[in-house]
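Analysis of the macromolecular model
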2 protein chains.
Amino acid sequence: MGKREASPISTPSYPSLQDCNSSSADSAASPPRSLRSDAPSRAGISSKASVDVNGEPPSFHHSRQGRSNLGEDMSNGAVETLSEVFDPVAALAPEPVPPVAGGGEANGAHSEETISKGGKREIVLGRNVHTTCLAVTEPEANDEFTGDKEAYIASVLARYRKTLMERTKYHLGYPYNLDFDYGALGQLQHFSINNLGDPFIESNYGVHSRQFEVGVLDWFARLWELEKNEYWGYITNCGTEGNLHGILVGREVFPDGILYASRDSHYSVFKAARMYRMDCIKVATLISGEIDCTDFKAKLLDNKDKPAIINVNIGTTVKGAVDDLDLVIKTLEECGFTQDRFYIHCDGALFGLMMPFVKRAPKVSFKKPIGSVSVSGHKFVGCPMPCGVQITRMEHINALSRNVEYLASRDATIMGSRNGHAPIFLWYTLNRKGYKGFQKEVQKCLRNAHYLKDRLRDAGISAMLNELSSTVVFERPLDEEFVRRWQLACKGNIAHVVVMPNVSIEKLDMFLDELTEKRSTWYQEGGEAQPPCVAADIGSENCVCALHK
Amino acid sequence: MGKREASPISTPSYPSLQDCNSSSADSAASPPRSLRSDAPSRAGISSKASVDVNGEPPSFHHSRQGRSNLGEDMSNGAVETLSEVFDPVAALAPEPVPPVAGGGEANGAHSEETISKGGKREIVLGRNVHTTCLAVTEPEANDEFTGDKEAYIASVLARYRKTLMERTKYHLGYPYNLDFDYGALGQLQHFSINNLGDPFIESNYGVHSRQFEVGVLDWFARLWELEKNEYWGYITNCGTEGNLHGILVGREVFPDGILYASRDSHYSVFKAARMYRMDCIKVATLISGEIDCTDFKAKLLDNKDKPAIINVNIGTTVKGAVDDLDLVIKTLEECGFTQDRFYIHCDGALFGLMMPFVKRAPKVSFKKPIGSVSVSGHKFVGCPMPCGVQITRMEHINALSRNVEYLASRDATIMGSRNGHAPIFLWYTLNRKGYKGFQKEVQKCLRNAHYLKDRLRDAGISAMLNELSSTVVFERPLDEEFVRRWQLACKGNIAHVVVMPNVSIEKLDMFLDELTEKRSTWYQEGGEAQPPCVAADIGSENCVCALHK
């Protein structure tokens with residue numbers, strides 16, 4: 001490299017590459033996960049890490065271990081790579097379920113908050129990724145000729161794909177529809193599609209997908225009954241961005257407004273309050289998870305001098321509870337808040353798209369005095385990457401936005417550059433499934449959720465299912481490995497399964513059979529362990545603990 | 001649908017579908033763009049819009065025009081669709097360059113801010129997308145059998161792909177490396193990959209790519225010289241998210257700190273100040289676009305009682321200027337700001353990844369008293385969707401974050417759900433190109449940028465190229481159609497080309513030939529129009545207007 005003479009180019013001073021593990025103790029306690037072979041005999045898999053064999057600047061040259069440098073001085077095991085005799089197919093074993101964080105194996109740099117499980121149950125965090133990451137390695141000089149690097153990358157990807165298939169197969173806990181086929185859109189992955197700026201005003205960057213984005217937005221504006229010339233919106237990166245935007249709009253409309261949100265609101269709502277330096281009042285919830293409007297009323301009356309910005313949950317994160325929008329509005333009116341003194345943001349993360357199909361569900365509509373609605377795109381619709389839809393009233397956005405000449409567009413979104421693929425995914429699914437297709441899927445989800453709840457109760461397991469929801473809440477499984485295998489979201493003594501379109505009866509049966517079998521070992525007759533009482537979480541009528549059954 | 005009897009499912013009340021245009025005047029002034037055929041004879045393309053043929057609830061049934069409903073009552077042209085005899089290949093013509101916004105054709109709902117071009121030049125916004133969007137249409141009952149809907153979607157996508165190819169070919173203005181091949185990663189598009197929560201702490205959702213993400217973060221932490229156990233970071237959705245995060249960390253460290261940012265800072269910096277309710281002081285810039293440390297000093301001295309949070313630009317948006325980090329630090333020290341009284345965020349959107357390879361560039365390093373660095377992933381690296389990398393010190397993040405049990409992870413990112421594909425794209429490119437590969441590409445970009453600047457000057461066109469930059473700033477082309485064809489970013493009297501790895505000499509020659517040819521018609525001998533003086537923008541030594549040449 002010293003031979004290169006181009007004048008403006010310097011040879012950088014570059015620190016040594018280290019392997020992904022920072023201490024060999026970590027490595028001993030926790031063999032690398034993602035590329036772990038389950039038997040030492042698996043040909044060509046070495047559990048040794050790559051090390052800095054030639055780390056001085058300027059070379060930045062690091063060999064991939066298990067290849068020509070297999071015999072060299074090595075430290076601890078973090079990234080595994082492949083020998084020259086590696087057979088990618090032979091090595092593709094399903095990844096074993098990883099152990100749970102807490103204790104020795106999560107003692108890496110980032111695990112100081114990992115909690116012990118003794119005494120009162122505290123938050124159990126996932127394991128530290130630093131012990132298992134896939135280090136970036138510098139290509140070797142002869143890689144172009146040998147193809148070794150390509151082979152290495154291909155094998156990592158093949159193994160990763162296998163892992164993803166396994167994980168997708170067993171996933172039940174988060175509200176993501178994992179059943180989609182966007183094969184027809186693969187051709188677009190070659191383009192850097194960016195809807196930077198406003199969806200409605202083209203920027204000078206031509207490689208965008210605004211025509212799809214606005215088509216999708218129009219569909220959602222119709223769904224929530226706002227006229228085309230009266231709405232503004234955009235496709236966000238996730239539900240959090242929708243909440244950040246909705247609450248920001250609320251704050252800009254009422255700069256001294258107080259944010260009200262029920263305790264069961266998504267954590268992003270409280271994050272927004274902190275980011276935006278807003279006063280925030282947490283409102284109590286009913287056992288169902290719905291906002292408690294009696295408490296809401298009391299808190300409103302305590303703060304009548306300040307406008308109210310309210311986050312209304314159209315499906316809470318944990319219990320899938322739907323706040324009663326009409327009752328919220330009625331409570332505001334009863335407390336003397338006229339429409340020019342409150343702003344309602346509806347966090348419809350998951351159910352915003354399911355509600356229109358559910359009888360008796362409070363209707364989300366801009367014909368009511370609401371300011372914004374957000375919904376996630378990767379949840380009920382299903383999408384390779386997270387995304388969401390945010391719709392608000394045009395009158396609000398004009399105050400918030402400003403024109404940015406560099407973009408030749410307007411800046412009213414939280415993000416600047418915006419993923420142009422996500423709108424196409426959504427457009428594609430909306431076109432193919434349509435309103436009727438979603439209706440069928442909602443029907444299936446609700447039916448299957450009822451099936452799950454009934455079978456849990458039949459098996460003597462505490463469980464709750466809100467009427468308008470496909471989120472089945474039940475007793476938290478005792479074993480964290482089981483929780484992780486099925487990727488259940490947990491909070492305190494409860495866990496949940498969100499029944500999405502990809503969750504079939506067969507999958508639920510597999511889960512139920514495994515749960516009841518495992519559970520019989522956790523709570524053996526005459527043993528000390530007892531299923532937890534979850535009456536405080538889901539009501540005594542749903543609890544079948546020793547006391548309540 | 002009335003025949004469906006499933007009990008919890010309602011038949012929604014759904015408003016009528018309208019086509020994408022809200023008035024026929026719009027349509028007359030502006031034929032739909034994205035699906036426009038360039039000749040009426042092109043078989044099967046109708047410029048008629050889809051209309052609500054059966055819009056009452058509950059059917060939500062809308063036919064795609066140009067098919068069986070072609071003869072029905074139609075309104076104005078917004079979404080075009082295909083007849084049954086449509087031949088997708090025959091219809092694939094490159095899309096003509098769209099007209100510029102302003103005046104009649106942008107009179108849609110969202111164009112009220114579009115500016116007239118008379119008098120002083122004001123911001124020219126792109127055209128209103130609502131006139132050209134691709135409406136979502138409900139599948140018809142027999143679609144499954146006829147395959148018509150699939151054919152329609154396929155033809156829309158094929159045409160769109162053609163447009164993207166054309167747009168990509170002519171793009172020069174924004175700092176996006178459009179040259180990448182992620183074919184090997186296409187297999188992962190079937191998975192809903194989501195790194196929700198913290199990169200270092202696995203959530204319970206198993207379909208993630210943290211092992212890739214942390215590998216990429218380690219690489220960048222090394223680049224910026226921060227030890228593995230001393231950094232925290234994550235892969236963001238774009239440069240804006242990096243700035244939002246860096247400035248938020250700064251504010252949490254110094255809650256009453258004042259944000260200082262030069263006038264040439266990215267607009268997201270000022271957006272952050274507004275979002276976070278921070279006092280923000282704009283600092284003057286030199287002609288080059290660098291922060292003016294004399295002005296900075298004066299402003300610091302005026303506000304010695306408050307801590308300072310400084311946004312340092314590693315490559316400004318418009319001029320590619322690199323703030324002198326060392327001089328900024330020196331200025332802080334001279335004004336009596338000790339290290340416990342300031343926080344520096346480095347916005348390295350584009351050049352954060354090019355700087356290490358450029359001689360004489362101020363070195364970005366955590367060995368200096370900086371708090372965070374962000375860089376975009378879709379710019380120099382190139383990526384189908386926007387993304388970025390954010391690195392900060394571990395000590396700062398612990399104060400900001402909180403554990404979220406629902407995630408079994410920590411909430412220290414701006415977004416909650418996070419795109420799990422982006423880290424894999426970055427990991428793939430870093431592994432394949434490596435440090436040396438980037439070095440070569442930076443070399444090529446700088447060389448080609450010099451070539452462009454020299455040829456512009458040879459042609460008598462005012463132009464500037466900062467020493468450390470591949471952003472060539474020059475006289476704004478008179479014709480907005482030319483600006484849009486080459487997708488140039490403009491500000492006032494100047495435009496720029498950002499020479500990225502995909503910008504070859506051939507492409508620059510094509511651009512230069514076209515520019516000089518067009519320019520001779522804009523500024524004819526003896527004509528009234530004169531090339532603008534841009535001395536105020538890029539200095540009289542770079543201006544070759546009538547006065548300065």
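For the structure given in this document, a descriptive report is provided here. All values reported here derive from a predicted model rather than from experimental measurement.

1. So, the pattern of salt bridges
Tallied over the entire structure, the rule returns 42 salt bridges over all chains. R485(B) serves as the salt-bridge partner of E514(B), at 2.7 Å between the closest nitrogen and oxygen. Within this pair, whereas E514(B) is found in helix α13 (residues 505-522), its partner R485(B) is found in helix α12 (residues 480-485), the two being separated by 29 residues in sequence. The exposure class of R485(B) is partly exposed, given its relative accessible area of 25%. Within the structure, one salt-bridge network assembled from shared partners comprises E225(A), K363(A) and K367(A).

2. Some remarks on a positive patch on the surface
A surface patch of positive charge is lined by R263(A), K282(A), K491(A) and R402(B). As for its placement among the helices and strands, R263(A) is situated in the loop between β2 (258-262) and α6 (267-275).

3. A short note on the pairing of strand β11 (residues 471-475) of chain A
Residue and element names in this part refer to chain A. Within β11, 5 of the 5 residues are buried, leaving the element largely enclosed by the surrounding structure. Relative to β11, strand β10 (residues 463-465) is paired through 3 bridges, and the arrangement is antiparallel. Within β11, the residue paired with M464 across the bridge is V473. Taking the residues between adjacent antiparallel strands as the criterion, β10 and β11 are bridged by 5 residues. The sheet contact formed by β11 and strand β13 (residues 494-498) spans 5 bridges and is antiparallel. In the sheet register, V473 faces β13, and the bridge partner there is H496.

4. Section: the pairing of strand β7 (residues 388-393) of chain A
Residue and element names in this part refer to chain A. Burial analysis of β7 places 6 of its 6 residues in the buried class, the great majority of the element. The alternating pattern of β7 places G388, Q390 and T392 on one face and V389, I391 and R393 on the opposite face, and all of these are buried. Here 6 bridges tie strand β1 (residues 231-236) to β7, and the two strands are oriented antiparallel to one another. When the sheet's bridge partners are listed, I235 is paired in β7 with V389. In this structure, strand β6 (residues 372-376) lies alongside β7, joined through 5 bridges in antiparallel fashion. Within β7, the position partnered with S374 by the bridge is Q390.

About the criteria used
Residues numbered from 1 in each chain as written. Chains lettered and ligands numbered in written order. Predicted model: local features only at pLDDT ≥ 70, side-chain atom pairs only at ≥ 80, totals over all residues. Heavy atoms only, no water. Salt bridge = Lys/Arg side-chain N within 4 Å of Asp/Glu carboxyl O. Helix = DSSP H or I, 4+ residues; strand = E, 2+ residues; numbered from the N terminus. Buried < 20%, exposed > 50% of the residue type's maximum accessible area, 1.4 Å probe, protein only. Patch = residues over 30% accessible without salt bridge, like charges linked within 9 Å, V, L, I, M, F, W, Y side chains within 5 Å. Areas by Shrake-Rupley, 256 points an atom, 1.4 Å probe, with all protein chains shown as cover. Lys, Arg positive; Asp, Glu negative; His and termini not counted. Charge placed at Lys NZ, Arg CZ, Asp CG, Glu CD. Pairing = 2+ DSSP bridges.

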